[in-house]
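# Working through the structure, step by step
Next come the chains, spelled out residue by residue.
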Amino acid sequence: MSFDRSIKIAPSILSADFANFGAECAAIEAQGADWVHVDVMDGHFVPNITFGPAMCAAIRPHIKGVMDVHLMISPVDPFIDAFAQAGADIITAHVEAGPHIHRTLQAIRAVGAKAGVALNPGTPAGAVEELLDMVDLVCVMTVNPGFGGQKFIDMTGKVRTLRSMIGDRPIHIEIDGGVDPVTAPMVAAAGADVLVAGSAVFRGGSVSDPAPYGANIRAIRDAAAG
Ligand code: DX5
Ligand code: ZN
């Protein structure tokens, strides 16, 4: 994975057809997705349960590009190896998931994955101040994690703060939650470069009619470009 700060669209498969994950991953990539965002939820860190390493391994052959795994789980450390084995390119852990985020990020890099840290809306940018040399991505949650289709929570101030903290380090700023053609320009202007979108990408389309996925991805990308 080479680093550049061009805008990337990362559809979240939380909004995909749960009976057709492999085909949905192939469809969104064919329709222009840059990354595939995989939302892992454990029913403990967040009030919802989705899927685990076995499902990630099952979809890996259907994803040509980056598999961006967002762990909304606690604890994280016991599962890092399994998600790396499943083929995750990026493994993102929440700073709120436990007391030892520094060790968790070390462990993610030790298994050869890119390391991401995620911040819930209530967590200030300063929480990653001591982590900037340990991460390849900072995920700014713009919803409270657990569900797709929620209302965007404006975190543009936090994004601007992070952008200045990061400087020219090769660290992506990812926005996750409520991203659509209205909110995309706000966060792109503040300094974000990876835009996760679930409902705004999958709405109106299906595996058998994927064209809306492409139109939705283009609408978000064009809006972000301003
Ligand atoms: C929420 C997930 C998000 C969510 C995005 O906990 O981390 O990735 O699926 O879905 P939308 O784009 O519909 O808000
Ligand atoms: Zn996510």
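The text that follows walks through the structure, step by step, so that each part is easy to find. (Residues numbered from 1 in each chain as written. Chains lettered and ligands numbered in written order. Predicted model: local features only at pLDDT ≥ 70, side-chain atom pairs only at ≥ 80, totals over all residues. Heavy atoms only, no water.)

### Things to note about helix α8 (residues 211–225)
The end-to-end C-alpha distance of α8 is 21 Å, a good match for the 21 Å that 15 residues give at a rise of 1.5 Å each. Listed in full, the buried residues belonging to α8 are P212, Y213, G214, N216, I217, I220, A223 and A224. Downstream of α8 by a residue or two, G226 has a phi angle that is positive, lying close to 80°. (Helix = DSSP H or I, 4+ residues; strand = E, 2+ residues; numbered from the N terminus. Expected span 1.5 Å × (residues − 1). Buried < 20%, exposed > 50% of the residue type's maximum accessible area, 1.4 Å probe, protein only.)

### A word on the pairing of strand β8 (residues 194–197)
Regular strands place side chains that alternate from one sheet face to the opposite one. Across the two faces of β8 the burial is the same, with V194 and V196 and L195 and A197 all buried. When strand β1 (residues 8–11) meets β8, the two strands line up parallel, connected through four bridges. In the strand pairing of β8, I9 is matched with L195. As judged from the three bridges shared by strand β7 (residues 172–176) and β8, these two strands associate in the parallel manner. Across the sheet, the residue bridging to I175 is L195, located in β8. Running through helix α6 (residues 184–190), the crossover from β7 to the neighbouring parallel element β8 is right-handed. (Pairing = 2+ DSSP bridges. Right-handed = clockwise from strand over helix to strand, strands pointing away.)

### Some details on the coordination of the zinc ion (ligand 2)
The reference angle at a metal is 109.5 degrees if four donors form a tetrahedron and 90 or 180 degrees if six donors form an octahedron. Bound to the zinc ion (ligand 2) are the protein donor atoms H37 (NE2), D39 (OD), H70 (ND1) and D176 (OD), situated 2.1 to 2.3 Å from the metal. Angles of 71 to 174° at the metal separate the six donor atoms of the zinc ion (ligand 2), which places the site in the octahedral class. Between consecutive donor residues of the zinc ion (ligand 2), the sequence gaps follow H-x1-D-x30-H-x105-D. Of this pair, H37 sits in strand β2 (residues 35–41) while H70 sits in strand β3 (residues 66–72), placing them 33 residues apart in sequence. Look at H37 and you get buried, because its relative accessible area is 0%. Judged by relative accessible area, which is 1%, H70 ranks as buried. (Donors = N, O, S within 2.8 Å, 3.2 Å for Na, K, Ca; no water. Tetrahedral: all angles 85-135°; square planar, octahedral: opposite > 155°, others 65-115°.)

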